Every structure is written in C-alpha cells, then in structure tokens.
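# Geometric and topological summary
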Amino acid sequence: MSGRKFLSGIPVDIFSTKESLERTIYEWLQKPEKSRQIVTLNARMLMAALVNPELHKAICKADLVLVDGYGIELALRRREGASALRIAGIDLIKELLRWGSKQGLPVFFYGGTLEVAQGLRDRVPKLWPGLAVQGIWDGYGIELCRDQVQREILHCQPRLLLVGLGTPAQEFFLVDLLPHLPGTVGIGVGGALEVLAGIKAEAPPWLRKHGGEWLFR
C-alpha cells in the first residue's frame with residue numbers, strides 16, 4: 001500500500017498494483033486475526049456519505065476503502081495529485097472467489113431478490129466449485145429476516161461475507177455484525193450479486209476502463 005488519502009474527509013487507500021492489494025486481502029483471509037470491512041467507493045457513495053453522517057462514519061471505520069469508479073480516481077488525481085489503482089467491485093469479488101475456490105474458502109452471500117439468491121445457488125457451484133458456501137440468503141424483506149440472517153452468519157463464521165443490500169444498508173449491516181465475528185472479511189457489493197447470479201450483464205472491460213459503467217447500466 002502506498003498510503004491513504006482523503007476526499008472531503010472520506011479515506012481512500014492507494015495501492016501501487018493489483019497484486020499488492022490482493023496480497024493484503026489474501027493474508028487477511030488466510031490468517032484471520034480479526035474481522036475486516038472493505039468498502040468499494042464510487043462517486044455516488046461518496047456523495048451519499050457527505051450528507052449522511054452515519055454512512056460517513058461507517059466508511060471511515062473500514063479497514064480498506066478502495067477506488068471503484070472513474071470519478072473517485074479523477075478526484076484523487078486532481079485534488080491530491082495521487083495516481084490510484086482503480087478496481088471495479090465486481091472484478092475484486094470475482095478474483096476473490098476464484099482464489100477462494102482453490103482454498104476451500106468459507107463464503108456467505110446475503111442480498112438481492114429471491115431470483116438473485118436462486119441464481120447464485122445455481123451458478124456459484126459451477127463457476128467456483130471449490131468454495132465452501134455456508135449460506136445464500138436473499139435480502140428481500142430485510143427488516144423481517146435481519147436478525148435471523150445475523151444469527152446464521154454468527155453461527156457459520158464465514159471467512160468471506162458478501163453483502164448486497166445497497167448503500168448505506170450493506171455498510172451499516174457490516175458495521176453492526178463484524179465486531180462479533182472473529183475473523184471475517186466483509187464487503188458491501190451492491191449490485192454485484194446480480195451479475196454473479198447471471199441476472200444482469202456487466203459492462204465490457206473497455207467501457208469500464210474509460211469510466212463508462214454508468215452508461216452501460
């Protein structure tokens with residue numbers, strides 16, 4: 001890691017290479033000393049945090065805040081003169097699942113619709129057969145089943161917890177739960193679960209490279 005910069009009081013972690021970022025997360029997953037929270041920051045989340053003090057606080061407490069989106073990359077370059085590694089949240093998640101499939105990594109998925117949950121049940125074992133999937137719960141009716149989901153996660157104690165409830169619900173969920181887990185890496189993944197489930201297509205690499213994800217969506 002090259003250091004941490006700030007945009008309007010929001011931290012952003014700067015990595016020199018994709019490999020250095022992955023090594024950091026792999027080490028957390030292999031040698032869990034405590035639970036960790038990762039935030040993939042885009043411009044929409046940054047703007048939301050500027051008007052939502054609780055979200056601002058949640059992001060500041062995260063162990064890693066990564067650049068996910070051209071807007072954040074551009075702001076860092078203009079305001080801080082920093083060249084930041086930009087990695088789309090979906091790319092990070094797919095890489096962790098690929099790596100985890102080789103390690104038998106215990107993973108828990110939470111969020112999305114009933115259709116998303118079923119898509120994950122169908123596709124994850126085929127795409128990443130080595131994963132130890134401990135649970136796949138949809139996020140529909142979140143307030144009704146939140147306590148039950150939390151109890152299930154606490155019982156399973158997954159190494160990787162992917163939560164797709166949208167911002168700020170997913171960040172708040174992780175802030176509340178992770179302190180009660182001994183060694184889980186939790187990531188708010190937004191709509192990435194829909195892509196993993198095959199419900200939505202992801203933007204092509206050339207478009208993502210030039211910051212056009214929003215146009216594709």
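It should be noted that the structure appears before, not after, this text.
Residues numbered from 1 in each chain as written. Predicted model: local features only at pLDDT ≥ 70, side-chain atom pairs only at ≥ 80, totals over all residues. Heavy atoms only, no water.

### Focus on the side chain of Thr-40
Our working definition: Each helix is a run of DSSP H or I of at least 4 residues and each strand a run of E of at least 2, with the numbering of both proceeding from the N terminus. Three labels apply to residues, based on accessible area from a 1.4 Å probe with only protein chains included: buried if under 20% of the type maximum, exposed if over 50%, partly exposed otherwise in between. The contact definition used throughout considers only heavy atoms, calling two residues in contact when any of these lie within 4.5 Å.
Secondary-structure assignment places Thr-40 in strand S3 (residues 36–41). Its relative accessible area of 10% is what places Thr-40 among the buried residues. For Thr-40, the contacting residues outside a window of four places in its chain are Met-45, Leu-66, Asp-68, Gly-89, Leu-92 and Gly-188.

### Let's talk about the pattern of salt bridges
Spelled out, the test is: Each reported salt bridge corresponds to a side-chain nitrogen of Lys or Arg within 4 Å of a carboxyl oxygen of Asp or Glu.
Counted according to the given criterion, the structure contains eight salt bridges. The partner of Arg-36 in a salt bridge is Asp-63, and the shortest N-O contact between them spans 3.6 Å. Here Arg-36, found in strand S3, pairs with Asp-63, found in the loop between helix H3 (53–61) and strand S4 (64–67); they are 27 residues apart in sequence, far enough to count as distant. Put simply, Lys-200 and Glu-194 hold a salt bridge, and the shortest N to O gap is 3.3 Å. One network of salt bridges, in which partners are shared, links Glu-73, Arg-77 and Arg-86.

### Quick look at empty space enclosed by the protein
For the record, the criterion: Site definitions follow a grid-based scheme: protein atoms alone, a 1 Å grid, a 1.4 Å probe that fits but cannot get out for cavities, and for pockets an open set with protein on both sides within 12 Å along at least five of seven lines, plus lining residues having an atom within 4 Å of a point. Grid points are joined across faces, edges and corners, and a volume is the space filled by probe spheres set on the points. The classification used treats Ala, Val, Leu, Ile, Met, Phe, Trp, Tyr, Cys and Pro as nonpolar, Asp, Glu, Lys and Arg as charged, and all other residues, Gly among them, as polar.
Scanning the entire structure with this criterion turns up one cavity of 30 Å³ or more. Looking at the largest cavity, the residues that line it are Asp-13, Phe-15, Leu-21, Leu-66, Val-67, Leu-85 and Ile-87. Along the lines of polarity and charge, the residues of the lining of the largest cavity split into six nonpolar, no polar and one charged.

### Comments concerning the environment of Pro-129
Position of Pro-129 relative to the elements: it lies in the loop between helix H6 (114–127) and strand S6 (132–137). The exposure class assigned to Pro-129 is exposed, which follows from its relative accessible area of 62%. Apart from residues lying up to four places away in sequence, Pro-129 is in contact with Ser-101 and Val-124.

### Notes on helix H2 (residues 43–51)
What counts, and what does not: It is the directions from the helix axis to the C-beta atoms whose arc is reported.
Restricting attention to buried positions, one finds in H2 the residues Met-45, Leu-46 and Ala-49. Down the axis of H2, the buried side of the element spans an arc of 100°, and every buried residue falls inside it. The exposed residues of H2 that point more than 90 degrees off its buried face are Arg-44, Met-47 and Val-51. Buried residues belonging to H2 abut strand S1 (3–7), strand S2 (10–14), S3, H3, helix H4 (70–79) and helix H8 (169–177).

### A look at the nonpolar core
Short version of the rule: To qualify as a nonpolar core, a set must consist of buried Ala, Val, Leu, Ile, Met, Phe, Trp, Tyr and Cys residues joined through side-chain atoms within 4.5 Å.
Counting 37 residues, the largest nonpolar core has Leu-97, Phe-109, Leu-120, Leu-160, Ile-187 and Leu-196 as its most contacted members. Where this core is concerned, the elements lending two or more residues are helix H1 (18–30), S4, helix H5 (89–103), strand S5 (106–111), H6, strand S7 (160–164), strand S8 (185–188) and helix H9 (192–196). For this core, the leading source of residues is H5, giving six residues. In this structure, Ile-10, Val-39, Ala-62 and Val-67 belong to the second largest nonpolar core, which totals 18 residues.

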